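# Structural overview for review
Okay, here's what each chain looks like letter by letter:
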Amino acid sequence: MSNKEKLLVVENLEVSYGSIEAVKGISFDVYKGEVVTILGANGAGKTTTLRTISGLIKSKSGSIKYKNFELTSMSAHKIVSLGISQAPEGRRVFGILTVEENLKLGAYTKKTFNPATLSWIYELFPRLKERKKQLAGTLSGGEQQMLAIGRALMSEPEMLLLDEPSLGLAPVLVKTIFETIKHIKLSGVTVLLVEQNAKAALKLADRGYVLEVGKIVFKGASKELLESPEIQEAYLGKKK
Amino acid sequence: MEIFIQQLVNGLTIGSIYALVALGYTMVYGVLKLINFAHGDLVAFSAYVGLVIMMQLAGVISSSVVIIVLVFIFTAIIISAFGVLLERLAYKPLRKAPRLSAVVSALGASLIIENGIMLIWGPRPKIFPSNIVPNINWNIGGVYIGLMQLLVLVISFVLMFVLYFFVNQTKLGAAMRASAIDQDAARLMGINVDRIIMITFIIGSALGSVGGLFIGMYYRGIYFNMGWIYGLNAFVAAIIGGIGNIPGAMLGGMLLGIFNALISGYLSSSWALALTYVLLIVIMIFRPTGILGERVAEKV
Ligand SMILES: Nc1ncnc2c1ncn2[C@@H]1O[C@H](COP(=O)(O)OP(=O)(O)OP(=O)(O)O)[C@@H](O)[C@H]1O
Ligand SMILES: [Mg+2]
């Protein structure tokens, strides 16, 4: 990987909510074209990390470099126009707007709306095309997740942040979503994937980081992590 | 029957004014989930500002059409600027504070504007000149409609149509709706939510200023604390229609105007306010979210 360009470099990032320290000085990086996953149990600080990258919350200290831009001092809407978009935890689709209105809002930063991107998203998720006139709030959980990912892709990002896309989905849908992430990677988009479903995430990702109460405790190539006894025991449900 | 139609015409006129003012409440509530209690006072302020501009222009321009157009434009610009200032000073610093702080701040801003008007123009009513809009009345089968009423109706409907189109058919309008639903999700779309909030205050204040000018030109007498009563009526209209819902504010304003006019026509105008609350309570019992109240998104 060393011959490739680093797209995102996070260094000693600390984030707190009042007196609660949620992220306690983490460092990681993402190379162009990679899928990198951040694993960790509930409350580990995964969502906090992604929200800080997107500029929704401000960090206490540390830096987030994207290409040559420092993101920690940038407002959220500018970060989107730099090429980073996010499908947030809980999907957060605009429930009283239609599927297509949601998708078009995803392209808000684009001067001209590109119909080819929309057709590509409808190819990735044919379900969304069938339901384009339906209110997003009436979609099933899985369809809402597709919409959240599709909407994030509408800005034609270079880097896509996904926060637990498999949460609460039936196994067959989880498979579909992970298949789609593979397609997204193949189309050249770099992906930072937050997951609790460690096995599926590591099978897909190139590298992974494991977060425990705000600190990175393991990191490495996905294969290494999949084979590591500690990870197997703590995150993959296998006995030693 | 003639009384009924006459009161319908009168009700639609005052209803349009309520609707214009109600839009300001409902749009701000939409994006900030805050009742901007100072909005009614800004409306009162706009009538005073408009009167000053009108008197100044009357000295230099002879065409009353030109005067009226300029008065509307200048007043809208000035009141919008005050609306933006209000948001910056009274609400923006409290964006992350508990709801109650913002409500107290809104009430404080309301008192400041109201007393500011009294300090500048005094406690006694001011009267709009009677000759600005010619006093023409048409008698259509026993129902009277005045030129001023016609102006109020036509301009209000045009403005509401333009607003409806803007919100539902333009990119900026979509961004406004998205910001009202979920600010963080809107930010993730690349929407500058602070800018949307500012635009919301500009539009709400500008529409309110048109309402304030109509009050001055239609009723002619304006007084420093009139923002309270007009604001209250418009606020009730916004709630009846479903607060946060733009067509709801238009519908609520019209309904309330007609309701008030019918009460005044058949009973007495002193009943209007009391029965307004009866109407409000009845609607709240049967439709707690108002007539066109927000369809709530299902969270899965
Ligand atoms: N708005 C908030 N105010 C206060 N504390 C918060 C807030 N959001 C998160 N936290 C705390 O920060 C810590 C990290 O939360 P975060 O949501 O980042 O975890 P997570 O890894 O995404 O967990 P999950 O897998 O459950 O989504 C938790 O202890 C949580 O309670
Ligand atoms: Mg989370």
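Residues numbered from 1 in each chain as written. Chains lettered and ligands numbered in written order. Predicted model: local features only at pLDDT ≥ 70, side-chain atom pairs only at ≥ 80, totals over all residues. Heavy atoms only, no water.

Counting secondary structure elements, chain B contains eleven helices and four strands. In terms of overall size, chain B behaves like a compact globule, its C-alpha atoms giving a radius of gyration of 19 Å where 300 residues would be expected to give roughly 19 Å. Over its C-alpha atoms, taken along the principal directions, chain B stretches across nearly 60 × 45 × 35 Å. For chain B, buried positions account for 52% of its 300 residues. In chain B, the proportion of contacts linking residues at least 24 apart, taken out of those at least 6 apart, comes to 76%. As displayed, chain B offers around 13,600 Å² of accessible surface, 71% of which is attributable to carbon and sulfur atoms. Chain B carries 16 positive and 9 negative side-chain charges, and their two centres are separated by 5 Å. (Helix = DSSP H or I, 4+ residues; strand = E, 2+ residues; numbered from the N terminus. Rg over C-alpha atoms; globule rule 2.2 N^0.38 Å. Buried < 20%, exposed > 50% of the residue type's maximum accessible area, 1.4 Å probe, protein only. Contact = heavy atoms within 4.5 Å. Areas by Shrake-Rupley, 256 points an atom, 1.4 Å probe, with all protein chains shown as cover. Lys, Arg positive; Asp, Glu negative; His and termini not counted. Charge placed at Lys NZ, Arg CZ, Asp CG, Glu CD.)

Another aspect to go through is the coordination of the magnesium ion (ligand 2). Residue and element names in this part refer to chain A. Protein-derived ligands of the magnesium ion (ligand 2) are T47 (OG1) and E89 (OE), with the metal-ligand distances lying across 1.8 to 2.2 Å. Taken together, the positions of T47 in helix α1 (residues 46–53) and E89 in the loop between β6 (84–87) and α3 (99–106) put the pair 42 residues apart, joining distant regions of the chain. The buried category is assigned to T47, whose relative accessible area is 19%. (Donors = N, O, S within 2.8 Å, 3.2 Å for Na, K, Ca; no water.)

It is worth spelling out the sheet that holds strand β10 (residues 215–221) of chain A at this point. Residues and elements named next belong to chain A. An order of β6-β7-β8-β3-β9-β10 is seen for the six strands of this open sheet, with the pairing classed as mixed. The open sheet terminates on both sides in strands that have one partner only, identified here as β6 and β10. Each adjacent strand pair in this sheet contributes to an overall mean axis angle of 15°, direction not counted. Examined bridge by bridge, strand β3 (residues 35–40) and strand β8 (residues 190–195) share five bridges and lie parallel to one another. Each bridged residue has a counterpart across the sheet, and for T37 the counterpart in β8 is L193. Set on the sheet, helix α7 (residues 171–186) makes contact with β3, β7 (159–163) and β8; between it and β8 the angle comes to about 155°. (Pairing = 2+ DSSP bridges. Axes fitted to C-alpha atoms, helices over the stretch in contact; angles between N-to-C directions.)

A word on the nonpolar core. Ranked by internal contacts, the top residues of the largest apolar core, which has 95 residues, are L163, I191 and M217 of chain B. Apart from residues lying up to four places away in sequence, I191 of chain B is in contact with H77, L105 and Y108 of chain A together with A175, A178, S179, A186 and I196 of chain B. Membership of the second largest hydrophobic core comes to 43 residues, among which are L103, I121, L128 and M146 of chain A. (Core = buried A, V, L, I, M, F, W, Y, C linked by side-chain atoms within 4.5 Å.)

Here we take up the interface of chain B and chain A. Tallying the contact residues gives 23 residues for chain B and 28 residues for chain A. Our count for the chain B to chain A interface comes out at three salt bridges. Salt-bridge contacts for R177 of chain B lead to E101 of chain A; the nearest nitrogen and oxygen are separated by 3.2 Å. Linking chain B to chain A there are six residue pairs in polar contact (both at pLDDT 80 or more). Of all the secondary-structure elements, those providing two or more residues to the side of chain B that touches chain A are α6 (171–181) and α7 (183–188) of chain B. Looking at which element gives the most residues to the side of chain B that touches chain A, the answer is α6 of chain B, with seven residues. Classifying every residue of the side of chain B that touches chain A gives twelve nonpolar, two polar and nine charged. (Salt bridge = Lys/Arg side-chain N within 4 Å of Asp/Glu carboxyl O. Polar contact = N/O pair within 3.5 Å; in protein donor to acceptor, adjacent residues only side chain to side chain. Nonpolar A, V, L, I, M, F, W, Y, C, P; charged D, E, K, R; others polar.)

On the surface, V65, V69, I73, F74, I77, I78, F82, L85 and L89 of chain B cluster together into a nonpolar patch covering about 830 Å² of accessible area. The exposure class assigned to V65 of chain B is exposed, which follows from its relative accessible area of 59%. (Patch = residues over 30% accessible without salt bridge, like charges linked within 9 Å, V, L, I, M, F, W, Y side chains within 5 Å.)

With that out of the way, let us pick up the pairing of β8 of chain A. Residues and elements named next belong to chain A. Taking burial as the measure, the six residues of β8 include six buried ones, the bulk of the element. Residues T190, L192 and V194 point to one face of β8 and V191, L193 and E195 to the other, with burial holding for every one of them. Examined bridge by bridge, β7 and β8 share five bridges and lie parallel to one another. Within the sheet, the bridge partner assigned to L162 lies in β8 and is L193.

It is worth spelling out the packing of helix α5 (residues 147–169) of chain B against helix α10 (residues 246–266) of chain B at this point. Residues and elements named next belong to chain B. Packing of α5 against α10 leaves a shortest axis separation of 10 Å and a crossing angle of 160°. One finds that α5 runs roughly antiparallel with respect to α10. Like other packed secondary-structure pairs, α5 and α10 cross with a definite hand, here left-handed. Residues F157, M160, L163, Y164 and V167 of α5 pack against I246, P247, M250 and M254 of α10. Residues belonging to the contact of α5 with α10 are distributed by class as follows: nine nonpolar, no polar and no charged. (Parallel < 35°, antiparallel > 145°, perpendicular 65-115°, else oblique. Left-handed = near helix turned anticlockwise from the far one by under 90°.)

Moving on, we come to the site of ligand 1. Residues and elements named next belong to chain A. Neighbouring ligand 1 are 14 residues, the closest being N42, K46, T47, T48 and E89. Within the backbone of G45, a nitrogen or oxygen atom sits 2.9 Å from an oxygen atom of ligand 1. Here an oxygen atom of ligand 1 and a side-chain polar atom of Q196 are 2.9 Å apart. In isolation ligand 1 has 630 Å² of accessible area, and contact with the protein removes 63% of it. Elements that contribute at least two residues to the shell around ligand 1 include exactly β2 (20–31) and α1. Sort the elements by how many residues they give to the shell around ligand 1 and α1 lands first, with three residues. For the shell around ligand 1, a count of residues per class yields five nonpolar, six polar and three charged. (Near = heavy atom within 4 Å.)

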